[in-house]
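Summary of the model geometry
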Amino acid sequence: MAALTAKPTRKEALAQGLKRYYGKVCAKHPELGGERKVSHQNCVGCAREHFRKWAANNPHASRERQRKYRALHPEPHRERNRVYKRINPHRCAAWGSKRHAAKLHRIPCWLTSDDFKTIEIFYEAAAHFTKVTGVKYVVDHYYPLQGKTISGLHVPQNLWVISAAQNARKSNQQPEI
């Protein structure tokens, strides 16, 4: 058995059970230094391009393949989600609020993608204020989504950033002017 080298040949990679080896440098991807897949001997970059084209032409099959992979390997998927949530708490809060509003049928059909980006900015501002001041800030609906006398919509014009204490005092009421 050949000793482990920095860049194994295909024969060494097969013997060691590796998935990649180094061979002839691909003209399209010289930056990869000849890295190839053992299974089909193609350049890693060319294989990636081929798969992306296939996925674009077969979106349903691609999604099904991803779903099956996540079912077989749930922990890496969960870890990616944990990292994303830790890095982007404002986006996760915006999505959660959007889902809640959708369940209450409080998102109008005329809302644009720019409006959703604006809503996300409110959540980003709340996270920033919390980090800077040390006081918890939240995004609140000026007119509650389920008020007793008036119900608001989940639109940028109905949102504002206030402290969590103010939001608790306000409860489900329209603030006094």
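Structure's up top.
Residues numbered from 1 in each chain as written. Predicted model: local features only at pLDDT ≥ 70, side-chain atom pairs only at ≥ 80, totals over all residues. Heavy atoms only, no water.

1. Let's talk about the packing of helix H5 (residues 89-103) against helix H6 (residues 113-133)
Viewed as axis vectors pointing N to C, H5 and H6 meet at an angle of 125 degrees, and their least axial separation amounts to 8 Å. Between H5 and H6, the angle is such that the two are oblique. Our pair here, H5 against H6, has a crossing hand that is right-handed. On H6, the residues that touch His90, Arg91, Ala93, Ala94, Trp95, Ser97 and Lys98 of H5 are Phe116, Glu120, Tyr123, Glu124 and Ala127. Class assignment of the residues belonging to the contact of H5 with H6 gives a composition of six nonpolar, two polar and four charged. (Axes fitted to C-alpha atoms, helices over the stretch in contact; angles between N-to-C directions. Helix = DSSP H or I, 4+ residues; strand = E, 2+ residues; numbered from the N terminus. Parallel < 35°, antiparallel > 145°, perpendicular 65-115°, else oblique. Left-handed = near helix turned anticlockwise from the far one by under 90°. Contact = heavy atoms within 4.5 Å. Nonpolar A, V, L, I, M, F, W, Y, C, P; charged D, E, K, R; others polar.)

2. Examining the nonpolar core
Counting residues in each nonpolar core, the largest one holds eight residues, listed as Ala94, Leu111, Ile119, Tyr123, Ala126, Val139, Val155 and Leu159. At three residues, the largest contribution of residues to this core is made by H6. (Core = buried A, V, L, I, M, F, W, Y, C linked by side-chain atoms within 4.5 Å. Buried < 20%, exposed > 50% of the residue type's maximum accessible area, 1.4 Å probe, protein only.)

3. Brief notes about the packing of helix H4 (residues 74-87) against H5
The N-to-C vectors of H4 and H5 enclose an angle of 100 degrees; their axes lie 5 Å apart at closest approach. The orientation of H4 relative to H5 falls into the category roughly perpendicular. Contact residues: H4 offers Tyr84, Lys85, Arg86 and Ile87, while H5 offers Pro89, Arg91, Cys92 and Trp95. Residue classes in the contact of H4 with H5 are distributed as five nonpolar, no polar and three charged.

4. Notes on H5
With 15 residues, H5 should reach 21 Å at 1.5 Å per residue; the first-to-last C-alpha distance of 21 Å fits that figure. Among all positions in H5, only His90, Ala94, Ser97 and Ala101 are buried. All buried residues of H5 project into a common sector of 65 degrees when viewed along the axis, lining one side. Exposed side chains of H5 directed beyond 90 degrees from the buried face belong to Arg99 and Lys103. Taken from the residues just after H5, histidine 105 is the one with a positive phi, measuring 60 degrees. (Expected span 1.5 Å × (residues − 1). Arc of directions from axis to C-beta.)

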